[in-house]
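# Coordinate inspection notes
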Amino acid sequence: MTAKIFLLGKDDVISEVEEAVYESEDALQSLLARFPSLLAGDEMTPNAPRRWLLVSREMAVPDSEDGGGRWSLDHLFVDQDGTPTFVECKRSTDTRARREVVAQMLDYAANGIRYWSADAIRQAAVERARDAGSSLDEEVRKLIEPGSIDSVDAFWKTVEKKLRTGEVRLVFVADVIPPELRRLVEFLNEQMSTVEVLALEVKQYLGSNQKVLVPRLVGRTEAAAIHHERAGTGTGRRTDRDRFLSACTPAGAPLFAFLLDEAARRGHHIYWGSSGFSLGAHFPTPSDRWSFAYGYPPDDFQFYFQDGAPWSTDENASAFRKELLSTGIFREAGRLTLKSRVDQVTSERAHQVARRIFALVDDSIRRANAK
């Protein structure tokens, strides 16, 4: 029996739409590319709904270092925490939507993790955005949370780290998920520690000049949810001071502890992301926050010239950049970022530079407020 949905309009007229199969696999793929919210990110992590950026449709997957694309993944997305998300679509009429599609997805994941680089993923996203008449950097800025640790460059660094450590998400999408596939997804999701495996039904209902799409996440058991929460994967979980410092080098940990303590003492905002933190200064009101420093384990310290911040004005930015580069701690890492890796040799000097950074930021805010 064909399922129906009844729609009651504002004019108190009821209409009905009937469940229908997709005319082609490409039709389902196109819908996901145009409307990534169909991936039901709110069902995956209700407390921190997933938001999506499409990297590419038909993403080439190599099977060797110098290989081209032996396979083609239907979609590669990343979420706001930089988690690579592999998506494969199958219609219910395709009998391969069972064991074969699982083996196929595992091939894609194993080889993508091994042979993709963050640069290759970013370039694919640049080309997709360009074809859509969009700016990838602007898309990333909209994706990540305001004031989060993730500048655009840092976001792609997180993508690369998760790819290297195998912290990825695999999503099977179909209009109907058969029981055999659901059982396989449930089993894999409960057993795999860094890889989240999910199945998603996106049913289509058609009526007179109407189309209704109903996504529903299946295959995520309570045991799997607890498993990934404990592992810190698939939940949008943020790090904290203790976990962060324990992941740092002996040279990096004291510097980052000083940065966190000094930021708290001066009333700056500390934002914890999935792997690191950002420091933000308030100007001109507590609701206006401007990030100026980032820390990532094990030893990555960054200064950030956020557009619009008082220390990033033309008269300040040039002098700040010149002074910080002259310390020998930082190197250029794009238009807005200076980067440093802290080791035993540079640790003491990095503490002195950190003190100077706080003074520069606070002084620029005072002078801006005085105008």
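Up top you'll find the structure we're talking about.
Figured I'd write up the structure that's included with this text. (Residues numbered from 1 in each chain as written. Predicted model: local features only at pLDDT ≥ 70, side-chain atom pairs only at ≥ 80, totals over all residues. Heavy atoms only, no water.)

### Some points on the side chain of His351
Take His351: it is sitting in helix 12 (residues 347–370). Overall, the relative accessible area of 16% leaves His351 in the buried class. Here the side chain of His351 touches Ser347 through a polar contact of 3.0 Å, landing on its backbone oxygen. If we ignore the near neighbours within four places in the chain, the residues touching His351 are Pro254, Leu255 and Phe258. (Helix = DSSP H or I, 4+ residues; strand = E, 2+ residues; numbered from the N terminus. Buried < 20%, exposed > 50% of the residue type's maximum accessible area, 1.4 Å probe, protein only. Polar contact = N/O pair within 3.5 Å; in protein donor to acceptor, adjacent residues only side chain to side chain. Contact = heavy atoms within 4.5 Å.)

### Focus on helix 11 (residues 314–326)
Compared with an ideal rise of 1.5 Å per residue, which puts 13 residues at 18 Å, helix 11 spans 19 Å between its outermost C-alpha atoms and is within 8% of the ideal. Within helix 11, burial applies to Asn316, Ala317, Phe320, Arg321 and Leu324. Down the axis of helix 11, the buried set is contained in an arc of 120 degrees. They therefore lie on one face. Exposed residues lying more than 90 degrees from the buried face of helix 11 are Asp314, Glu315, Ser318, Lys322 and Ser326. Of the surrounding secondary structure, the elements contacted by the buried residues of helix 11 are strand 12 (300–304), strand 13 (331–332), strand 14 (337–341) and helix 12. Following helix 11 by one or two positions, Gly328 has its phi on the positive side, about 80 degrees. (Expected span 1.5 Å × (residues − 1). Arc of directions from axis to C-beta.)

### Looking at the packing of aromatic side chains
For the structure shown, the criterion picks out 14 aromatic pairs. Where Trp71 meets Tyr108, the ring centres are 6.2 Å apart and the plane angle is 55 degrees; that geometry is what we call tilted. Placement of Trp71 in strand 4 (residues 71–79) and of Tyr108 in helix 3 (residues 99–115) is noted, with a sequence separation of 37 residues between them. On the accessibility criterion, Trp71 (19% relative accessible area) is buried. Seen in terms of ring centroids, Phe303 and Phe305 are 4.9 Å apart; in terms of plane orientation they differ by 80 degrees. Their pairing is edge-to-face. Overall, Phe303 belongs to the buried group, its relative accessible area being 1%. According to the relative accessible area criterion, Phe305 is buried, its value standing at 3%. Taken together, Phe244, Phe256, Trp272 and Phe277 form an aromatic cluster joined through their ring pairs. (Phe/Tyr/Trp six-rings, centres within 6.5 Å; stacked < 30°, edge-to-face > 60°.)

### Here's the deal with the pattern of salt bridges
Under the definition given, this model contains 28 salt bridges. The salt bridge involving Arg169 is made with Asp79; its shortest N-O contact spans 3.2 Å. With Arg169 in strand 6 (residues 169–174) and Asp79 in strand 4, this residue pair connects regions lying 90 residues apart in the sequence. Asp79 matches Arg169 in its accessibility class, with the two residues each being buried. A salt bridge links Arg367 to Asp363; its shortest N-O distance comes to 3.0 Å. One end of the pair is Arg367 and the other is Asp363, both in helix 12 and 4 residues apart, which spans about a single turn. The exposure class assigned to Arg367 is partly exposed, which follows from its relative accessible area of 37%. (Salt bridge = Lys/Arg side-chain N within 4 Å of Asp/Glu carboxyl O.)

### Things to note about unusual backbone geometry
Residue Pro297 is joined to Pro298 through a cis peptide bond whose omega torsion reads 5 degrees. The backbone phi angle of Asp12 is positive, close to 65 degrees, even though this residue is not glycine. Residue placement: Asp12 occurs in the loop between strand 1 (4–8) and strand 2 (14–20). If you check the backbone angles, Glu58 has positive phi at about 50 degrees while not being a glycine.

### Points about the nonpolar core
Ranked by internal contacts, the top residues of the largest apolar core, which has 41 residues, are Leu73, Phe86, Trp116, Ile121 and Trp156. Looking at this core, the element that brings in the most residues is helix 3, giving 6 residues. With sequence-adjacent residues up to four places away left out, Trp116 is seen in contact with Met59, Ala60, Val61, Pro62, Leu73, Leu76, Phe86, Asn111, Ile121, Leu163 and Arg164. Formed by 40 residues, the second largest nonpolar core is a distinct cluster that contains Leu260, Ala263, Phe277 and Val353. (Core = buried A, V, L, I, M, F, W, Y, C linked by side-chain atoms within 4.5 Å.)

### Some remarks on the packing of helix 5 (residues 136–143) against helix 6 (residues 152–165)
Running from amino to carboxyl end, helix 5 crosses helix 6 at an angle of 80 degrees, the nearest separation of the two axes being 10 Å. Judged by the inter-axis angle, helix 5 sits roughly perpendicular to helix 6. Across from Leu136, Asp137, Val140, Arg141 and Leu143 in helix 5, the residues of helix 6 making contact are Val152, Phe155 and Trp156. Across the contact of helix 5 with helix 6, the residue classes tally to 6 nonpolar, no polar and 2 charged. (Axes fitted to C-alpha atoms, helices over the stretch in contact; angles between N-to-C directions. Parallel < 35°, antiparallel > 145°, perpendicular 65-115°, else oblique. Nonpolar A, V, L, I, M, F, W, Y, C, P; charged D, E, K, R; others polar.)

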